Amino acid sequence: MWGMTLLSIGFSNASTFSTTTSNDIVITQEQDTAKVKAAVRELYLTVKEMNKKADNESLKQLSVGLGNFANKPIFRGDRYKLDLMEEMAEEQRVQAFIKLDKALLAEDQSLWEEFTPEDPVFEYLVDIAYEFNEEAALEGPEQVHELFDKFKKGGAGALEKPKGLLDTGIDYDSDSSRLDFKRQLMYLTGNAKVVFGERELKAGQIEMAYTTSTVKAYGITDSVGNYVERPVFKESGKTYNANEMLFNYKTNKGIIKGIVTEEGDAIIQSGVIKKTPKESIYMEDNVYTTCTLEHPHYGIRSKRMKIVPRKHYVTGPFLFELNEIPLPIGFPLGLFPAQNKRSSGIILPGYGEFRERGFALENGGFFWGINDYVTLTLTGSIFTLGSWNVSSKVNYRKRYSFSGNFGFDYANNIRQQDDGTSTTSKDYRLIWSHTQQTYGSSRFSASVNLASSNFNQNNSYDVNDRVQASTNSSIRYSNNFTIGNATLSANSSLRHNQNLTTGEASINPDLSVALSRIRPFAGLFKRSQNILSQLNLSYTGRFNGEITNDPPTSSFPFPVVQNDTEIDPNAGLGEDELLPDLFLNFGDYIDDFRYNITHNIPISTNFTVLKYFNVTPSANYTEYWVPNKYDYTWNGAEGAVEVDTISSFARYYEFSTSASVSTNMYMFYDFTNGARLRQAIRPTVSMSFRPDFGSPDFDFYQEVQTNENGSSSQVWRSSGALGGSPSVGQSANMSFSVSNQFELKKKRKEDEEKAEKIKLVDDLSLSSSYDFARDSLNLSNISLRARTRLFNIFDVSFASTFDPYRYVPTSISVDPITGEETILSSVKTNDFLLGTEGKLARLTQMNISIGARFSPKNFQDKAEEKLEEYEPKNQTEELIIEDIRRNPSDYINFEVPWSLSVNYIYNISRTGLQELRPTQNIRLRGDLSLTPKWKVGYTTAYDIEENEFTSTQININRDLHCWQMTLNWVPFGRNQSYSININVKSSVLQDLKWQRQSRRPLF
């Protein structure tokens, strides 16, 4: 079965909308508003008296609004005024008005000093002034606070007296000008510019009439007939582009034709608008869109519209249109957001069909812009065969402090199998990501990904998610403290690890304290460096715990008298053969909590011998604190070991010493063409010694009989405790390694005086060790590694392991037909291959990895440079740019024509004398632009040994400028499906030519 999502249309924050009909009846809940009217009336009288003394225009506008609120009746049909009246009737706001009135009347300044510009009462006053006084043009709450503050501190004389816009003076400039004295007209032509007050007007032609205080502005026609130098009007930080403009700079009224306005992502093209003295604007012949083209690809067309700044757009009947063609879809009335902060709206679902779940409505829901810092997205999907899922995601961000997101998903999946049966699973996922700006020494971060074991398999469309074998989560906090010349670091974390294949999960709390390295004798040798002056030591203490849903069936490696019941290794597994969920069954595992505390003190110094050899002697001391210490006794009657707890706390320790010698050598090879090969060689030899802490002298281990045959083994006295334990067996180990780097230096053809350096081999190293204290197999395996970059394109790495000892077979199978022998198992002897077979060593493991990424460098650099130079217009665009930089793989860049990532991995390994087992894989990921608007993306892997493709996904993307279309196709496998999504995208992505390709929600 195949699936398709026909059309999924969603508006971004600035494009969400709601509708009402002309027959809607607004029912206002009756509230007792007498109290708030009385409070505002007293405040109105106070402000009115203040303005009598100050004669200030802003105070006058405020007092008129307050008077209308307190004294004039409100008609039931005036919904906005009624809603505002109900809001102001809240007891908290009423008390705020009363408190402000008392502060303005009081001679004592202390009451007034309690108010700040951020106090909500000033925002209440601005809302009342705008809604109840059409002439109000206050700049905001800060201006109201400033007016009152100047009056309280400086009296009426501190406030400005009213003056007309002409009093501010009019500045003008143009290529040519003409003054008509008789009619009092000024004509400006060519790059004309007029500045009156805080307003600025530019146009090809401007006509100013002094008698009527009006300004007319037009564009001009160039030599080829194009209409150029159209009027551009700037006011209060906003820019209006128009074809014609008539404006009265005294009354602040105007008529503007052919204007384009922008509010966030929204763009409004209007035939004619009428500008009123207050900020409200009336518009005719409008198209509301987010497309930045002169002829937008889509829009909402309305004959009439009203803009209430910082609140909303109100329209009459409107229709949707595509490519300026009206569609039979519309509503009689519309209400669109016009707020700088995030708005809320409905997320329309997509349609699709899936082989195992049937038809679907996917990812429909609601977006809630809670405030400027927090947003909430709620979505869900339903399927015809009974499956459903819900998803919630919270994004939060405080600039210069922290940012992050929190999400929870729950799915009830009912999958129809080919034989008619069905399977049911309930899956969940919890994600949390938190990043803190790095100020000071404190750090907090979180990266949490908790999910049921089958969540990705059952619910994700992403190939990488479906092949993921494990998840890891962590929450971390750290801080640094200075103690004298040393630094004390405290780190805490809570980690969660989960194996998605077996269901095994664990929670690990961790707390550590570390003291930075200190040099206690450095002050005694200020002018020289020797063994004592370089002597340094540090300290680390760590607490580590674990809770797991797969605790050890027994803490002891032998049968115990009190716990001799045979345990089924499959006990506890569910029908899906996975371990029980750790979080859903947390109470069942809390009693098996394990912990340990470790202390570590390393001491070292360094000095130089014979000028070229660096010597580093060191010593290390470690202590282990664990909960219990046991004594073991064989009970022949029970056939098991009796375990007695002799202490509820146990302390163990171990120590070791070491010394290393290293140096650097260089060799040069000259060629006839003037090139020189440089080989850097770094040999290192080290020797370490550690006593046998399994010796009875330390009493850390006990020799215990473990079966009736009399066999015994050495067992730690705190067997089963978490973390490390003292080492068993004496060690006198000498390790050696040699690393090499090769670099070619040759003259440049264009400039023979300058040399070009070319790295041939980044690293070629050989290492092994020899333990003198062991009675056999003293030499460890030999490791050979190499790493380089070929042609500045291919990253090549090589790693191999060789065993120097001879193996002998212990189990052989013989084919009864061919007689061919196959070694099933073998054992290592103490004989070197060099002495028995004439070989240095036998290859046991080898890995070769070759990877490369191809893309046109100039295009990639240009796209990244454009992203860096882009200046976001608002907070929404800031979030999008931040997400592109953080997750570039989630976006498609149409300015890069193609890209390809290739990885080849070859691996062979064997145990003993068995045959080498090879594996080979090729992984491909990339995209290709078929045209400037079409791009195909692909991700696949091919198993060469099995001769089959593994996970494969193909994406086809179409850049529709203000829209985006994506076809996702999984051609085979359990999640075989395809879907088509068409969405409106943000204008910032239009400008950058980037397109989002992941289903992961951004907001």
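Residues numbered from 1 in each chain as written. Predicted model: local features only at pLDDT ≥ 70, side-chain atom pairs only at ≥ 80, totals over all residues. Heavy atoms only, no water.

Going by an unreviewed UniProt entry, the protein chain carries the name LPS assembly protein LptD and comes from Algivirga pacifica.

Help me understand the overall build of the protein chain in this model?
Summing up its helical and strand segments, the protein chain has 14 helices and 55 strands in all. Looking at the protein chain as a whole, 38% of its 1003 residues are labelled buried. Counted over contacts in the protein chain with a minimum sequence separation of 6, partners at least 24 positions apart contribute 55%. Of the accessible surface of the protein chain, which amounts to about 55,200 Å², a share of 53% is contributed by carbon and sulfur atoms. (Helix = DSSP H or I, 4+ residues; strand = E, 2+ residues; numbered from the N terminus. Buried < 20%, exposed > 50% of the residue type's maximum accessible area, 1.4 Å probe, protein only. Contact = heavy atoms within 4.5 Å. Areas by Shrake-Rupley, 256 points an atom, 1.4 Å probe, with all protein chains shown as cover.)

It is not clear to me how a nonpolar patch on the surface should be interpreted in this structure. Could you clarify?
Residues Tyr351, Phe359, Leu361, Ile382, Trp388 and Val390 make up a contiguous nonpolar surface patch of roughly 530 Å² in combined accessible area. Where the nonpolar patch is concerned, the elements lending two or more residues are strand E21 (358-368) and strand E23 (388-398). Turning to its location among the elements, tyrosine 351 is positioned in strand E20 (residues 350-354). On the basis of relative accessible area, tyrosine 351 is assigned to the partly exposed category, the value being 31%. (Patch = residues over 30% accessible without salt bridge, like charges linked within 9 Å, V, L, I, M, F, W, Y side chains within 5 Å. Salt bridge = Lys/Arg side-chain N within 4 Å of Asp/Glu carboxyl O.)

I tried to follow the packing of aromatic side chains on my own but got confused; where do I start?
Here a ring pair, both rings aromatic, is described through the centre-centre distance and the interplanar angle of the planes. Scanning the entire structure with this criterion turns up 33 aromatic pairs. Between tryptophan 112 and phenylalanine 148, the ring centres sit 6.3 Å apart and the planes meet at 80°, which makes this aromatic pair edge-to-face. Of the two residues, tryptophan 112 sits in helix H5 (residues 109-113) while phenylalanine 148 sits in helix H7 (residues 141-154), which places them 36 residues apart along the sequence. There is no split in this pair, since tryptophan 112 and phenylalanine 148 are both buried. Taken together, the ring pairs connect Tyr621, Tyr652, Tyr653, Phe655, Phe693, Phe698, Phe700 and Trp716 into an aromatic cluster. Seen from the ring of phenylalanine 115, lysine 99 lies directly overhead, with NZ or CZ sitting 5.5 Å from the centre. (Phe/Tyr/Trp six-rings, centres within 6.5 Å; stacked < 30°, edge-to-face > 60°. Lys NZ or Arg CZ within 6 Å of the ring centre and 35° of its normal.)

For this particular structure, what's the right way to read the confidence of the model for the protein chain?
Note that predicted coordinates carrying low pLDDT should not be read in detail. When pLDDT is averaged along the protein chain, the result is 81, and 84% of the positions lie at 70 or above. Every residue in residues 1-31 is under pLDDT 50, and counting partners more than four places away or in other chains gives 88 contacts. Below a pLDDT of 50 lies the segment residues 564-571, which in the model reaches one contact outside its immediate sequence neighbourhood of four places, other chains included. (pLDDT = per-residue confidence, 0-100.)

For this particular structure, what's the right way to read helix H4 (residues 91-105)?
Given 3.6 residues per helical turn, the α-helix brings residues three or four places apart onto the same face. The first and last C-alpha atoms of H4 sit 22 Å apart over 15 residues, in line with the 21 Å expected at 1.5 Å per residue. All buried positions along H4 are accounted for by Arg93, Val94, Ala96, Phe97, Leu100, Asp101, Ala103 and Leu104. Contacts made by the buried residues of H4 are with helix H1 (34-54), helix H3 (79-88), H5, helix H6 (120-132) and H7. (Expected span 1.5 Å × (residues − 1).)

Hey, could you run me through the nonpolar core in this one?
A general trend in soluble globular proteins is that nonpolar side chains are found buried together. With 40 residues, the main nonpolar core has Val36, Leu66, Phe97, Leu100, Phe122, Leu125 and Phe148 as its most contacted residues. Residue assignment for this core shows that the elements contributing at least two residues are H1, helix H2 (57-71), H3, H4, H6 and H7. Tallying contributions element by element places H6 first for this core, with nine residues. Residues contacting phenylalanine 122, with those up to four places away along its chain left out, are Leu100, Trp112, Phe115, Thr116, Pro117, Pro141, Val144, His145 and Phe148. Formed by 32 residues, the second largest nonpolar core is a distinct cluster that contains Leu188, Ile206, Ile300 and Phe318. (Core = buried A, V, L, I, M, F, W, Y, C linked by side-chain atoms within 4.5 Å.)

For this particular structure, what's the right way to read the pattern of salt bridges?
When the charged atoms of two side chains with opposite charge come close together, those side chains can pair. Going through the model one piece at a time under the given rule, you end up with 26 salt bridges. Each of Glu87, Glu90 and Arg93 takes part in a single network of salt bridges with overlapping partners.

What is the right way to look at the pairing of strand E29 (residues 505-518) in this model?
Remember that side chains alternate between the two faces of the sheet whenever the strand is regular. As judged from the eleven bridges shared by strand E28 (residues 486-499) and E29, these two strands associate in the antiparallel manner. Along E29, the bridge assignment pairs alanine 490 with valine 513. Here E28 hands over to E29 after five residues, with glycine 503 in that stretch at a positive phi of 85°. By the bridge criterion, nine bridges tie E29 to strand E30 (residues 536-548) in an arrangement that is antiparallel. Paired with serine 506 across the bridge in E30 is threonine 548. (Pairing = 2+ DSSP bridges.)

What is the right way to read the packing of H4 against H6 from this model?
The axes of two packed helices give the description: the angle between them and the distance between them. It is the contact of H4 with H6, at a shortest axis distance of 10 Å, that shows an interaxial angle of 100°. One finds that H4 runs roughly perpendicular with respect to H6. Every residue of H6 that contacts H4 at Arg93, Ala96, Phe97 and Leu100 is listed here: Val121, Phe122, Tyr124, Leu125 and Ile128. Of the residues assigned to the contact of H4 with H6, the class counts are eight nonpolar, no polar and one charged. (Axes fitted to C-alpha atoms, helices over the stretch in contact; angles between N-to-C directions. Parallel < 35°, antiparallel > 145°, perpendicular 65-115°, else oblique. Nonpolar A, V, L, I, M, F, W, Y, C, P; charged D, E, K, R; others polar.)

What is the right way to look at the packing of H1 against H2 in this model?
At a minimum axis separation of 8 Å, H1 and H2 run at an interaxial angle of 155°. Judged by the angle between their axes, H1 and H2 are roughly antiparallel. Note on packing geometry: the crossing formed by H1 with H2 is left-handed. When H1 is examined against H2, the residues Val36, Lys37, Val40, Arg41, Leu43, Tyr44, Val47, Lys48, Met50, Asn51 and Ala54 are found in contact with a partner set consisting of Leu59, Lys60, Leu62, Ser63, Leu66, Gly67, Phe69, Ala70 and Asn71. Residue composition of the contact of H1 with H2, grouped by class: twelve nonpolar, four polar and four charged. (Left-handed = near helix turned anticlockwise from the far one by under 90°.)

Which parts of the structure should I look at to understand H1?
When the terminal C-alpha atoms of H1 are compared, their 30 Å separation across 21 residues agrees well with the 30 Å that a helix rising 1.5 Å per residue should span. Those residues of H1 not exposed but buried are Val36, Ala39, Val40, Leu43, Tyr44, Thr46, Val47, Met50, Asn51 and Ala54. Contact partners of the buried residues in H1: H2, H3, H4, H6 and H7. One or two steps after H1, the chain reaches aspartate 55, where phi turns positive at roughly 50°.

I keep staring at unusual backbone geometry and nothing clicks. Help me out?
Trans is the prevailing form of peptide bonds, just as negative phi is the prevailing case for residues other than glycine. Phi angles above zero are rare outside glycine, and leucine 610 is one such case at about 55°. With respect to the helices and strands, the residue leucine 610 is situated in the loop between strand E32 (607-609) and strand E33 (613-626). Although it is not a glycine, aspartate 699 sits at a positive phi angle of roughly 60°. Its location among the elements puts aspartate 699 in the loop between strand E38 (676-690) and strand E39 (701-705).

How do you make sense of the environment of aspartate 771 when you look at a structure like this?
With respect to the helices and strands, aspartate 771 occurs in strand E42 (residues 755-771). With 37 residues separating them in the primary sequence, aspartate 771 and methionine 734 have C-alpha atoms 6.2 Å apart. In contact with aspartate 771, not counting residues within four places along its chain, are Gln730, Ser731, Ala732, Asn733 and Asn778. A polar contact is formed between the side chain of aspartate 771 and the backbone nitrogen of alanine 732, at a distance of 3.1 Å. Within the structure, aspartate 771 has its side chain in polar contact with the backbone nitrogen of alanine 773 (distance 3.0 Å). (Polar contact = N/O pair within 3.5 Å; in protein donor to acceptor, adjacent residues only side chain to side chain.)

It is not clear to me how the side chain of asparagine 549 should be interpreted in this structure. Could you clarify?
With respect to the helices, strands and loops of the structure, asparagine 549 is situated in the loop between E30 and helix H10 (586-589). At 2.8 Å, the side chain of asparagine 549 and the backbone nitrogen of alanine 505 are in polar contact. Ignoring any residue separated from it by four or fewer positions in sequence, one finds asparagine 549 in contact with Gly503, Glu504, Ala505, Leu579, Pro580, Leu582 and Tyr589.

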